[in-house]
Amino acid sequence: MSDAESPGDFGTGPTTDYDDDFEPVEVFPEGDLDLRPGADNCYKCTACDTSCPVAEVDDEFPGPKFQGPEQWRLKRKEDVEIDDSIMSCSNCMRCDDACPSSVPLSQMHNEARGEYVENQMDKLSTEYVRNRILANYGTLARVGSKVPRLTNFVMGNSLVQQVNEKLLGITAERDFPEFAQETFREWWRDRGGNKVTSEEKRIAYFHGDYSNYNTPEVAKAMVRVYEAFGYEIAVPEQRCSGTPMFANGMLDDARRGAKVNVRNFAELIEEGYDVIATCTSCSMALRQEYPELFDIDGVEDVSANTYEAMEYLRIHEDLDAAIEDAEVDMGPLAYHAPCHARNQGLDRQAVELFRNLDGVEVEDVGDSCSGISGTYGWKEEKYGKSMEIGEEMFEHMDHAKGEVGMTECPTCSMQMEHGSGYPIKHPMEVLAEAVA
Ligand code: SF4
Ligand code: SF4
């Protein structure tokens, strides 16, 4: 049995290279994609278009209505190809939320993007190579994190950044995220896995690549909090949730990862575990995008049993009582709700929970998109637009009290730090200070 087939073992066992069992799979085994579902429900109100942050700054981007229902109608009437503007959609999914007719816009965009990349994109083009590299950050991170000091030195070199921009179209304006000296999985393995055992309270942690390689402090804070509430934690073998792959139309890569994730987490769900994620894009992927895009055994179970980390605790524990007498040393925090938190109805939870926590003052910096949208803001040609979208958030952060930000999304966090210069906390880190 491969390691990926024994998912529950990371509570105590060693990690292995989880690339070993990769098998190429057909992206669209059933033939052409069908963009129809829900298209006829569109009554052209344009609510989606007015909510799209990319359309707001990019005059050439025709907006979500065109990318979804209209594109399907065009395809139905004649044998037209997918419009290449689909590659400018950042997959922020704000249009899903805006549609009063429940048209599955982001699903249609993801499918259209997948078809475009599969059938129309030149696989030798710089854009394809660049997008593939950005979408598969976890593969690079796995190598880079083996020698974090060297990688941080090389990737932090301005000459290397200029070369990346010239040759690959990866913007030199951003600082490459630093790798931690010890990954979360290494830390978890070295401490011997879970410290709490419980038959009733069990969660399986989807840490994603960023918490593992770059911000293990977020994952460790989650462990401290959940152990304080008496949860048994499993950390199964896993791959990237697929969020950057959906946004770049790399559905075959995303599907390979989803198969491993669904198999490993579904097995744990059968043993009584629920799945939690500290990144709102990861929880969104497992909950919504997986069942929309992939027909994999267990995908509905994983979707139905996945939660964002604080959301889960708010459902199962009395968090208000737990922090009632606590005091933390954090000061004012400028909070940005990621678009994918909004889509899951989680955009107010941190503000509401920490409202009465002594030693912290949380100020919501508004409902604008941060603008980075995963890999979108890393593309040289999109960088300026990304910063234009984020401008409102930067201004609000600037006017907010204090000089520390807070958000649940790793890439929003990068953008907040980049645009404001503030260090950024995750709500789990604040909660860990209060209860653990
Ligand atoms: S997902 Fe975001 S960027 Fe894409 S069309 Fe919808 S609102 Fe616009
Ligand atoms: S919001 Fe929904 S109904 Fe209105 S134009 Fe967009 S897809 Fe159509």
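Analysis parameters
Residues numbered from 1 in each chain as written. Chains lettered and ligands numbered in written order. Predicted model: local features only at pLDDT ≥ 70, side-chain atom pairs only at ≥ 80, totals over all residues. Heavy atoms only, no water. Near = heavy atom within 4 Å. Nonpolar A, V, L, I, M, F, W, Y, C, P; charged D, E, K, R; others polar. Helix = DSSP H or I, 4+ residues; strand = E, 2+ residues; numbered from the N terminus. Polar contact = N/O pair within 3.5 Å; in protein donor to acceptor, adjacent residues only side chain to side chain. Contact = heavy atoms within 4.5 Å. Pairing = 2+ DSSP bridges. Core = buried A, V, L, I, M, F, W, Y, C linked by side-chain atoms within 4.5 Å. Buried < 20%, exposed > 50% of the residue type's maximum accessible area, 1.4 Å probe, protein only. Salt bridge = Lys/Arg side-chain N within 4 Å of Asp/Glu carboxyl O.

Trainee: Would you explain the site of ligand 2 in this entry?
Mentor: Around ligand 2 lies a shell of 13 residues, among which Cys42, Cys45, Thr46, Cys48 and Cys99 are the nearest. Residues belonging to the shell around ligand 2 are distributed by class as follows: 9 nonpolar, 2 polar and 2 charged.

Trainee: Hey, could you run me through the side chain of threonine 278 in this one?
Mentor: Turning to its location among the elements, threonine 278 is positioned in the loop between strand E3 (274-277) and helix H15 (280-293). Only 2.7 Å separates the side chain of threonine 278 from the side chain of tyrosine 205, close enough to count as a polar contact. Leaving out residues up to four positions away in the same chain, threonine 278 has contacts with Tyr205, Phe206, Ser211, Val218, Met222, Ala309, Glu408, His426 and Met428.

Trainee: Which parts of the structure should I look at to understand the sheet that holds strand E8 (residues 424-425)?
Mentor: The strands making up a sheet are joined through hydrogen bonds of the backbone, oriented either antiparallel or parallel. On the basis of which strands lie adjacent, the open sheet formed by 4 strands has the order E6-E5-E7-E8 and parallel pairing. Two strands close off the open sheet at either side, each with one partner strand: strand E6 (358-364) and E8.

Trainee: For this particular structure, what's the right way to read the site of ligand 1?
Mentor: Around ligand 1 sit Cys52, Pro53, Val54, Pro64, Cys89, Ser90, Asn91, Cys92, Met93, Cys95 and His109, and that is every residue in its neighbourhood. The class makeup of the residues in the shell around ligand 1 is 8 nonpolar, 3 polar and no charged.

Trainee: Would you mind showing me how to read the nonpolar core here?
Mentor: Soluble, globular proteins show a tendency: their nonpolar side chains are buried together. Core analysis: the largest hydrophobic core is formed by 42 residues, its most contacted members being Tyr226 and Phe354. If one sorts the elements of this core by residue count, helix H12 (residues 216-228) sits on top with 6 residues. If near-sequence neighbours (up to four positions away) are discounted, tyrosine 226 is found in contact with Ile203, Tyr231, Ile233, Ile276, Ala309, Tyr312 and Leu313. Among the nonpolar cores identified, the runner-up in size contains 37 residues, and Phe206, Ala234, Leu268 and Tyr290 belong to it.

Trainee: Would you mind going over unusual backbone geometry with me for this structure?
Mentor: One can expect most non-glycine residues to show negative phi and most peptide bonds to be in trans. Although it is not a glycine, methionine 93 adopts a positive phi angle of roughly 70°. With respect to the secondary-structure elements, methionine 93 resides in the loop between helix H3 (64-77) and helix H4 (94-98). With a relative accessible area of 2%, methionine 93 lands in the buried category. Positive phi, close to 50°, is recorded for serine 102, a residue that is not glycine. Along the chain, serine 102 turns up in the loop between H4 and helix H5 (105-119).

Trainee: I tried to follow the pattern of salt bridges on my own but got confused; where do I start?
Mentor: Pairing is possible between side chains of opposite charge, provided their charged atoms come close. Inspection of every chain in the model, using the stated rule, returns 18 salt bridges. Residues arginine 202 and glutamate 232 are paired through a salt bridge, measuring 3.8 Å at the closest nitrogen-oxygen approach. Residue arginine 202 is located in strand E1 (residues 202-206), and its partner glutamate 232 is located in strand E2 (residues 232-234); the two are separated by 30 residues in the primary sequence. Here arginine 202 matches glutamate 232 in class, with each residue buried. The partner of glutamate 352 in a salt bridge is arginine 314, and the shortest N-O contact between them spans 3.4 Å. On the criterion of sequence distance, the pair formed by glutamate 352 in helix H20 (residues 349-354) and arginine 314 in helix H17 (residues 309-316) is long-range, its members being 38 residues apart. Relative accessible area serves as the criterion here: at 34%, arginine 314 is assigned to the partly exposed category. Each of Arg130, Glu381 and Lys382 takes part in a single network of salt bridges with overlapping partners.

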